[in-house]
Structures are given as C-alpha cells and as structure tokens.
Amino acid sequence: MRILVTAGPTREPIDPVRFLSNRSSGKMGYAIARAGVARGHHVVLVSGPVSLTCPEGVVLVRVETAAEMLAAVQAQLPACDALIMAAAVADWRPRTVAKQKQKKGDTAPVLELERTADILEAIRPRKDHRVYVGFAAETEHVLDEAQRKLEAKGLDAIVANDVSRADAGFEVDTNQVTLIAAGHAPESWPLMTKTAVAERLLAWVESQRR
Ligand code: CTP
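Residues numbered from 1 in each chain as written. Predicted model: local features only at pLDDT ≥ 70, side-chain atom pairs only at ≥ 80, totals over all residues. Heavy atoms only, no water.

Enquirer: Would you take a moment to explain helix H4 (residues 142-152) for this structure?
Expert: Each α-helix winds once per 3.6 residues, and so residues spaced three or four apart point in a common direction. Those residues of H4 lying buried are Val142, Ala146, Lys149 and Leu150. Buried residues of H4, seen end-on, are gathered within an arc of 105° and therefore sit on one face of the element. Exposed side of H4, more than 90 degrees from the buried face: Asp144 and Glu151 are the residues found there. Lining the buried residues of H4 we find strand E9 (131-138), strand E10 (157-162) and strand E12 (177-181). Directly after H4, the chain includes Gly154, whose backbone phi takes a positive value near 60°. (Buried < 20%, exposed > 50% of the residue type's maximum accessible area, 1.4 Å probe, protein only. Helix = DSSP H or I, 4+ residues; strand = E, 2+ residues; numbered from the N terminus. Arc of directions from axis to C-beta. Contact = heavy atoms within 4.5 Å.)

Next up, the structure:
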C-alpha cells in the first residue's frame, strides 16, 4: 500500500524567536513509518519539528505549521491508499505574527489566537477508497471523546490515547491505546512499545484494504 503518515507537533509562530506548540515527540508516527516500510509499504511521512532520524526508506516531508502540514497532506493524498494522522496539530495560532522579536516591556502581552484548519475535516471530501485513521490524545473521558472524533471526522478508525499516563502518549517509548473502528466495539490493546502498536495498527489498516 501507499501510506501517508503525519507525526510530531506543529509550531505556530508568535515572532521570529517564539512559537506555540505541544509535547508531541513524533515517536508514535515515526514508529508507524518505520514499521510501514518494514512491512513492504511505500511510506510518506509528513513531520513537524522533532529530534528523530527519518527511518530508512521513508520519504520525508518536513513542515512547521498546521497550514504547512495541511498543504503537504493535500499534495500527497492523491497518491495514497491510507492516511494515519498521528501528528498533534496545533488547534490555535497567533492571529498576527510579529516581524521582529517582541521586547518584554512592562506589561504582559495579550496573544490573540485564531483557529488553524482541521486537516482531517478539510480532506474528508477526498476520502474516496482511502483508509483514514486518526489519533485522539485525551486526558479525560478518553473513549467518549475518541468516539466523538471518529464520527465527527468521518474516520475508519481512531486510536484513543490517554496521554495523562506516565507510560503512554507523549515522549515515552511505550503506549497503551484503544482502537475504535467505525461500527465496532472499542478494542483495548495492552501496554506495548510504540513499535508494537505501530505493527498492530498497520495490520489493521492492511485488513481494511478495499
Ligand atoms: N487533527 C487534524 N487537524 C487539527 C487537529 C487535529 O487533522 N487541526 C487530527 C489529529 O492529527 C488527530 C485527530 O485530528 O488524528 C484528533 O486530534 P486531537 O488533537 O485529539 O483532537 P481535536 O480535533 O483537536 O479536538 P479537541 O480539541 O476537542 O481535542
């Protein structure tokens, strides 16, 4: 299959030296990309800024902002059979980006934010035969929130991830997730390495190939 994977955070600039971002390390998405190549797939990885090495055989597209990630996903989508959105895309960005470094001054600045595009929502009309998988990073009501996003974004499956656990989610090498496939009961997977989660997720994606 030709699989498009997104990974890492996005960075939304405030001025030339500052940005808004999140704790995503990219480890889950990079594990999926690596496992995809090992399983014989053609893998394109659209990655936000991370400190990981691109796995051998993976086509890497580097992006910074949510807008750049959207553009890269849109450009790669026509040639892909499956999309796995493991990236932690920023939901908000500063409404204006200062051209010069902002000085601290005497009063605290107020940042006015605006929504970034929701990538999965934007590409929903172009789903066609493609398998779409999302991730849901949650700290409470994990399964309910994941189920809501699965339906709201029209996905084939969502990987529910409780990121409040020390051994799952951001930055660590292990993960404990629940796969919710559309129309099926949630399937809770044991605590595993991110590599093992990636293998199992790809086996599921392969089983969906139409
Ligand atoms: N996602 C996306 N575009 C965004 C935000 C998120 O495509 N602007 C994708 C993520 O890559 C993930 C899924 O949507 O696969 C769910 O992301 P998550 O951050 O958990 O949820 P949100 O849609 O941001 O919803 P909420 O703010 O309610 O948690």
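There is more to say after this.
Enquirer: What should I look at first to understand the site of the ligand in this one?
Expert: Neighbouring the ligand are 17 residues, the closest being Met85, Ala87, Phe135, Lys149 and Lys153. Separating an oxygen atom of the ligand from a backbone N or O atom of Ala87 is a distance of 2.8 Å. Ile119 has a polar backbone atom sitting 3.0 Å from a nitrogen atom of the ligand. In isolation the ligand offers 570 Å² of accessible surface; the protein chains occlude 80% of this area. According to the grid-proximity analysis, the pocket containing the ligand is the largest pocket. It is E9 that provides the largest number of residues to the shell around the ligand, a total of four residues. Looking at the shell around the ligand residue by residue, the classes come out as ten nonpolar, two polar and five charged. (Near = heavy atom within 4 Å. Polar contact = N/O pair within 3.5 Å; in protein donor to acceptor, adjacent residues only side chain to side chain. Areas by Shrake-Rupley, 256 points an atom, 1.4 Å probe, with all protein chains shown as cover. 1 Å grid on protein atoms, 1.4 Å probe; cavity = no way out; pocket = protein on both sides within 12 Å on 5 of 7 lines; lining within 4 Å. Sits in = over half its atoms within 2 Å of the grid points. Nonpolar A, V, L, I, M, F, W, Y, C, P; charged D, E, K, R; others polar.)

Enquirer: Would you mind going over the pairing of E9 with me for this structure?
Expert: In the case of a regular strand, side chains alternate between the two sheet surfaces. With seven of eight residues buried, E9 is to be regarded as a mostly interior element. Pairing of strand E6 (residues 82-85) with E9 involves four bridges; the strand directions are parallel. Bridge assignment links Leu83 to a residue of E9, and that residue is Tyr132. Bridging between E9 and E10 involves six bridges; their strand directions are parallel. (Pairing = 2+ DSSP bridges.)

Enquirer: Honestly, a nonpolar patch on the surface in this entry has me stumped. Any pointers?
Expert: A cluster of nonpolar side chains, contributed by Trp92, Leu111 and Leu113, occupies part of the molecular surface with about 280 Å² of accessible area. Here Leu113 is to be found in strand E8 (residues 113-115). By relative accessible area, which is 32% here, Leu113 ends up partly exposed. (Patch = residues over 30% accessible without salt bridge, like charges linked within 9 Å, V, L, I, M, F, W, Y side chains within 5 Å. Salt bridge = Lys/Arg side-chain N within 4 Å of Asp/Glu carboxyl O.)

Enquirer: Teacher, can you tell me more about the environment of Arg130 here?
Expert: Looking at the element boundaries, Arg130 is found in the loop between helix H3 (119-123) and E9. The class for Arg130 is buried, based on a relative accessible area of 9%. Through-space distance from the C-alpha of Arg130 to that of Ala198 is 19 Å; in sequence the pair is 68 residues apart. Side-chain polar atoms of Arg130 contact the backbone oxygen of Leu77, separated by 3.1 Å. Side-chain polar atoms of Arg130 contact the backbone oxygen of Arg126, separated by 2.7 Å.

Enquirer: I'm lost on the layout of surface pockets in this one. Help?
Expert: A water-sized probe, rolled over the atoms, reveals where empty space remains. Of the pockets and cavities examined, the largest pocket occupies roughly 930 Å³. As for the largest pocket, its lining consists of 42 residues, and the residues nearest its centre are Ala87, Ala88, Val89, Phe135 and Ala137. Of all elements in the fold, only helix H1 (27-38), H3, E9, H4 and E10 reach the threshold of two or more residues within the lining of the largest pocket. Here the lining of the largest pocket gets five residues from one element, more than from any other, and that element is E9. Per-class residue counts for the lining of the largest pocket are 19 nonpolar, twelve polar and eleven charged. Lining the second largest pocket we find Ile14, Asp15, Arg18, Thr96, Ala98, Gln102, Lys103, Lys104, Thr107, Pro109, Val110 and Leu111. (Points joined across faces, edges and corners; volume = space filled by probe spheres on them.)

Enquirer: Just checking my understanding: could you explain the nonpolar core for this structure?
Expert: One broad rule of soluble globular proteins: the nonpolar side chains tend to lie buried together. Grouped together as the largest cluster of nonpolar side chains are 32 residues, with contacts concentrated most on Ile32, Ile84, Val133, Phe135, Leu201, Trp204 and Val205. Counting only elements with at least two residues in this core, the list comes to strand E1 (2-7), H1, strand E4 (42-47), E6, E9, E10, E12 and helix H5 (194-207). Ignoring any residue separated from it by four or fewer positions in sequence, one finds Ile32 in contact with Val5, Ile84, Ala86, Phe135, Ala198, Leu201 and Leu202. Grouped together as the second largest cluster of nonpolar side chains are 25 residues, Ala72, Ala136, Leu155 and Ile158 included. (Core = buried A, V, L, I, M, F, W, Y, C linked by side-chain atoms within 4.5 Å.)

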